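# Chains, contacts and geometry: an overview
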Amino acid sequence: MKISYNWLKEYIDFKETPEQLGDILTQTGLEVEVIEKVEKIPGGLKGIVVGEVISCEPHPNADKLKITKVDIGAENLSDIVCGAPNVATGQKVLVATVNSTIHPTKGEPFKIKKAKIRGEVSEGMICAEDELGLGTSHDGIMILDTDKPNGTPAIELFETGEDHIFEIGLTPNRGDATSHMGAARDLKAYFRKELITPQPIKFDIKTDRPISVEVLDKERCPRFSGITIRGMKVQPSPDWLQWKLRSIGLEPINNVVDITNYVLHSIGQPMHAYDANHVKGDKIIVQTLKDKTSFTTLDGKERKLSNDDLMVCNGDGEGMCIAGVFGGLKSGVTESTTDIFLESAYWNADGIRSTAQRHTISTDASFRYERGADPEMTVSAIKLATSLILELTGGYAASEIIDIYPAPIKKKEIDITFQNFHWLIGKSLDNKLILEILNWLDIETKNVTETGFKAIVPAYRSDVTRPADLVEEVLRIYGFNEIELDEDFSTDYLAEFNEHEPYRVQEDLSKFLAGRGYSEILTNSLTNPKYYKMFPLGGEPVEMLNPSSEELTIMKTSPVYTALESVAYNINRRNPNLKFFEFGRSYKKEDKEYKETEWLSFYLTGNTSEANWLDEPRRSSFHDLSTTVMGMLKYAGIRKTEIIPSEKDTLYEYGVVIKKEGKMLGILGKLKKELLSIYGIKQDVYHTQLNWETVISLYKSDIAYEPIPKFPEVKRDLSLVLDKSVSYSDIQQLAFNQEKKLLNRMNLFSVYEGDKIEKGKKAYAISFFLQDKFKTLTDKQIDKSMSGLMSLYEKELGAVIRK
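## Focus: the overall build of the chain
When helices and strands are counted, the chain shows 19 helices and 41 strands. Each of the three principal axes of the chain carries a C-alpha extent, and together these read 115 × 90 × 65 Å. Across the 803 residues of the chain, 50% fall into the buried class. The contacts in the chain between residues at least 6 apart in sequence include a share of 69% that link residues at least 24 apart. When the accessible area of the chain is evaluated, it comes to approximately 41800 Å², of which 49% is carbon and sulfur surface. Averaging the locations of the 101 positively and 121 negatively charged side chains of the chain gives two centres separated by 7 Å.

## A look at helix H6 (residues 349-358)
Buried within H6 we find Ala349, Gly351, Ile352, Thr355, Ala356 and Gln357. Where the residues of H6 are buried, they touch strand E20 (319-322), helix H7 (364-371) and strand E30 (542-543). One side-chain oxygen at the N-terminal end of H6 lies 3.0 Å from the backbone nitrogen of aspartate 350; it belongs to asparagine 348. Looking at the residues trailing H6, positive phi occurs at threonine 360, about 45 degrees.

## Here's the deal with the nonpolar core
Residues Leu8, Leu21, Phe166, Val263, Ile340 and Leu342 are the most contacted members of the largest nonpolar core, which totals 54 residues. The leading source of residues in this core is helix H8 (residues 378-393), at eight residues. If we ignore the near neighbours within four places in the chain, the residues touching leucine 8 are Ile3, Phe14, Leu21, Phe166, His180, Ala183, Ala184 and Leu187. Formed by 34 residues, the second largest nonpolar core is a distinct cluster that contains Val213, Phe224, Ile284 and Met311.

## Digging into the state of the cysteines
Applying the stated criterion to the full structure yields zero disulfides. In this structure cysteine 127 is a free cysteine whose sulfur lies 9.1 Å from that of cysteine 82, the closest cysteine sulfur available. A residue is classified by how much of its surface remains accessible, and cysteine 127, at 0% relative accessible area, is buried. We note that cysteine 313 lacks a disulfide partner, and the nearest cysteine sulfur, in cysteine 321, lies 9.7 Å from it.

## Focus: the packing of aromatic side chains
The description of two aromatic rings rests on the distance between their centres and on the angle between their planes. Across all of its chains, the model carries 19 aromatic pairs by this definition. Ring geometry for tyrosine 5 against phenylalanine 14: centres 5.5 Å apart, planes inclined by 70 degrees, an arrangement best described as edge-to-face. With respect to burial, tyrosine 5 and phenylalanine 14 carry one shared label: buried. Here the aromatic rings of phenylalanine 418 and phenylalanine 453 are separated by 5.3 Å at their centres, their planes lie at 50 degrees, and the arrangement is tilted. In this pair, phenylalanine 418 is assigned in helix H9 (residues 418-425) and phenylalanine 453 in strand E27 (residues 452-457), connecting sequence segments 35 residues apart. For the residue pair phenylalanine 418 and phenylalanine 453, the accessibility class agrees, reading buried in each case. Among the aromatic side chains, those forming a connected cluster through ring pairs are Tyr5, Phe14, Phe166, Tyr190 and Phe191. Above the face of the tyrosine 460 ring, arginine 185 is positioned so that its terminal group lies 3.9 Å from the ring centre.

## Some words on the sheet that holds strand E41 (residues 800-802)
By definition, the strands of a sheet pair up through backbone hydrogen bonds, in either a parallel or an antiparallel sense. Strand order in the open sheet made by the four strands is E39-E40-E38-E41, with antiparallel pairing throughout. Each having just a single partner strand, strand E39 (743-752) and E41 make up the two edges of the open sheet. Direction aside, the axes of adjacent strands within the sheet are offset by 30 degrees on average. Sheet topology note: the E39/strand E40 (residues 761-770) ladder contains eight bridges and is antiparallel. The residue bridging asparagine 747 from the neighbouring strand is serine 767, located in E40. Against the sheet, helix H18 (residues 728-738) engages strand E38 (714-723), E39 and E40, with an angle of about 155 degrees to E39. Packed onto the sheet, helix H19 (residues 779-797) meets E38, E39, E40 and E41 and runs at close to 10 degrees relative to E38.

## Focus on the sheet that holds strand E5 (residues 78-82)
Taken in spatial order, the five strands of this open sheet run E5-E4-E3-E6-E11, and their pairing is antiparallel. Looking at the sheet topology across the chains shown, the edges are occupied by E5 and strand E11 (125-126). When strand E4 (residues 62-71) meets E5, the two strands line up antiparallel, connected through five bridges. Directly across from isoleucine 67, in E5, lies its bridge partner valine 81.

## Examining the pattern of salt bridges
In the structure shown here, the tally under the stated rule is 45 salt bridges. Linked through salt bridges whose partners overlap, the residues forming this network are Arg174, Asp176, Asp186, Arg461, Asp463, Glu473 and Arg476.

## Brief notes about the pairing of E40
Burial analysis of E40 places ten of its ten residues in the buried class, the great majority of the element. Residues Lys761, Ala763, Ala765, Ser767 and Phe769 of E40 are buried on one face, and the alternating residues Lys762, Tyr764, Ile766, Phe768 and Leu770, pointing to the opposite face, are buried as well. In terms of strand pairing, E38 meets E40 through ten bridges, oriented antiparallel. Counterpart to serine 719 in the pairing with E40 is alanine 765.

## Some words on unusual backbone geometry
The phi dihedral of asparagine 99 is positive, around 80 degrees, even though this residue is not glycine. Mapped onto the fold, asparagine 99 is located in the loop between strand E6 (92-96) and strand E7 (101-102). Positive phi outside glycine occurs at arginine 118, with the angle close to 55 degrees. As for its position among the elements, arginine 118 is in the loop between strand E9 (115-117) and strand E10 (120-122).

## Some words on the environment of glycine 426
Tracing the chain through its elements places glycine 426 in the loop between H9 and helix H10 (431-440). The spatial distance from the C-alpha of glycine 426 to the C-alpha of serine 525 is 35 Å, given a sequence separation of 99 residues.

## Concerning the packing of H9 against helix H11 (residues 467-478)
When two helices pack together, you describe them by how their axes are tilted relative to each other and by the distance separating the axes. One way to put it is that H9 packs onto H11 with a least axis distance of 10 Å and a crossing angle of 65 degrees. Here H9 is positioned roughly perpendicular relative to H11, judged by the angle of their axes. For the crossing formed where H9 meets H11, the hand is right-handed. Residues Asn420, Phe421, Leu424 and Ile425 of H9 pack against Ala468, Leu470, Val471, Val474 and Leu475 of H11. A breakdown of the residues in the contact of H9 with H11 according to their chemical character gives eight nonpolar, one polar and no charged.

## Describing H10
Turning to H10, its buried residues number three or more, namely Ile434, Leu435, Ile437, Leu438 and Trp440. Against the buried residues of H10 lie helix H3 (180-191), H9, strand E26 (444-446), E27 and H11. N-capping of H10 is provided by aspartate 430, with a side-chain oxygen placed 2.9 Å from the backbone N of lysine 432. Two residues or fewer after H10 comes aspartate 442, characterised by a positive phi angle close to 70 degrees.

## Overview of the packing of H10 against H11
The contact between H10 and H11 brings their axes to 9 Å, and the two run at 90 degrees. Taken together, H10 and H11 sit at an angle that is classed as roughly perpendicular. Packed against H10, whose contacting residues are Leu433, Ile434, Ile437 and Leu438, the element H11 presents Leu470, Glu473, Val474, Ile477 and Tyr478 at the interface. A class-by-class count of the residues in the contact of H10 with H11 yields eight nonpolar, no polar and one charged.

## Notes on the side chain of serine 78
Tracing the backbone through its elements, the reader meets serine 78 in strand E5. Ignoring anything within four residues of it in the chain, the contact list for serine 78 reads Thr68, Lys69, Val70, Ile72 and Glu123.

What counts, and at which threshold
- Residues numbered from 1 in each chain as written.
- Predicted model: local features only at pLDDT ≥ 70, side-chain atom pairs only at ≥ 80, totals over all residues.
- Heavy atoms only, no water.
- Helix = DSSP H or I, 4+ residues; strand = E, 2+ residues; numbered from the N terminus.
- Buried < 20%, exposed > 50% of the residue type's maximum accessible area, 1.4 Å probe, protein only.
- Contact = heavy atoms within 4.5 Å.
- Areas by Shrake-Rupley, 256 points an atom, 1.4 Å probe, with all protein chains shown as cover.
- Lys, Arg positive; Asp, Glu negative; His and termini not counted.
- Charge placed at Lys NZ, Arg CZ, Asp CG, Glu CD.
- Polar contact = N/O pair within 3.5 Å; in protein donor to acceptor, adjacent residues only side chain to side chain.
- Core = buried A, V, L, I, M, F, W, Y, C linked by side-chain atoms within 4.5 Å.
- Disulfide = S-S within 2.5 Å.
- Phe/Tyr/Trp six-rings, centres within 6.5 Å; stacked < 30°, edge-to-face > 60°.
- Lys NZ or Arg CZ within 6 Å of the ring centre and 35° of its normal.
- Pairing = 2+ DSSP bridges.
- Axes fitted to C-alpha atoms, helices over the stretch in contact; angles between N-to-C directions.
- Salt bridge = Lys/Arg side-chain N within 4 Å of Asp/Glu carboxyl O.
- Parallel < 35°, antiparallel > 145°, perpendicular 65-115°, else oblique.
- Left-handed = near helix turned anticlockwise from the far one by under 90°.
- Nonpolar A, V, L, I, M, F, W, Y, C, P; charged D, E, K, R; others polar.

And the structure:
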């Protein structure tokens, strides 16, 4: 959520800098994640000056270009090549001088340099309004009507301004703080200063075909307020309103829609304006429609409604808006709209949450209704919005304010003792201070005695429901940092730590992998549902009941979904050589229960190293990742694993399954291109996924050290011609089972498939290393061991031995 520093000042008086105010907001529970400086005119037009076109001649080498000489107040005229069709002698123009940076409306900023264009020198740029971020037009250069002298900084011709925007990580329970006034309420309690509340201008009523309202579901729509406004002129909003919206990242649309957005972000009340020409029968009905009814929303998408979706309909029963979530395409305000019905309602939070989730929609309105809006704000919002609409559109109020509120929502009453505050805070606060803080937070206190009182909580504080919540309210304003800790504060433990605790093993293996050039990544447990729809993995996903956005509505069924976002992010920023590992979880629904699995995953892509003068770069391969994974398992005391080729794997183009003592350890392979294409990844990515619970169960931290053997190691080479179906793992396993005493290690140094051997066969060239730790091996012992291995391969694998 974005909050403007300047906008906040309209609600409460303070002198703190943006940085100081950010610390205060964070202390009071509104965590400021980022403070961003924004400018009304990006770049502040630095280096842009008023110029006068002294001459304008055709470019000798380009039909559509012209060579101009421009007076920018310097000693000499500037030669500037210009491609605008409307450039002419005598014009006053805006010139971006050499070494200035311009900030276009669309695209990235760029620096102006002295250059040659089709052989002619150009010392600057004559600018159009979109090239300076002053508008969207690119029909030609800006022609000024000014008597300012040449060389005058352009900033003197335009109204500029700057603001600081707080990006607040709002917790789901703080529905009261989803606006500037909501944030100002916390500052009110902190500074002990009254709010400056917006005062709408009084307006007259000229009754003219008033639109009536009927609410058929009063449980899900406890309050509905509205007014009919006619005779308007819809047009772009004034500069002050557009700047306010742009400062918090909203794009202005027109004066009516902009006012509803302004009220929403000012006081937290979502509103919707309907084109009255589409309110058939001059009546609005709040009801549900038949299941599977088609409805096209403002974004142009056709959606199938559920009979649980509450709708705002016209007199003919046609849907105009998904209540509290998203408006309809047909009933929205356009340039031709002259009459509207303005809605300001309070919708049940549970109903809004269900509908928004069902349709995977998250709007500014649903964001606030899901968290609990203020039922007492609807009429105030109508008055404020109406006064602004009448002022900016020239219309008139054609009806009285409608306010359907049959069962007013009562304030919550909570009994609490002062001792509750002392116990939970860990410090005795003065009783008067406790009452003062609560009163400044709009929480009334009644029946006050020496031991306690009754708190009356306003309806907009839906998160304050119990005594502990009142304690938290006091503590966040008093200040968590004001609670002292005893210098001798400490803790101890009775039981010994288990050396094989998962976090210790994780730390150990992380250091191992970091030593091999791998970087750890941490990714979100939530993921975009489109990944699952396009490439389903891992089972039925767990859907979020209250998603923070349309892109994060399910929990990931496989770690690859979010990890590949990190891979793509780095590749797109010219960092293609990646070695990642991640300790993460996957989630799924199985037999009506939720299942969570922990994984250790690896991702390898790009070259094995950066290019250097000694070696040519080499592409990473399946075997590079396999070497790392098997080395880590060996380091973890997990040896003599089984490697089994994976058949018809949904994730890999090819891969293997890793097992140990019959337990499934994990999988390793090359990710399918269909999966990578979803992320725009064009290079190969190799991946391993190890079951963390299995790794922990097999992990051995006891490392045994022994002296380097005094007696030499002996190497013998064999070439085996075998069926293609026989893997190196099969050869290795047979060898170690046969020659347990003397066989120290093996190395595969060549694999051949071609016309020099029989079709369907392949040849392995393998080195066998034999060693006795206690004596030097004799030729007789060596020959005996090798003969035994050759006989074994001939018998068990049908090998042809080429010595």
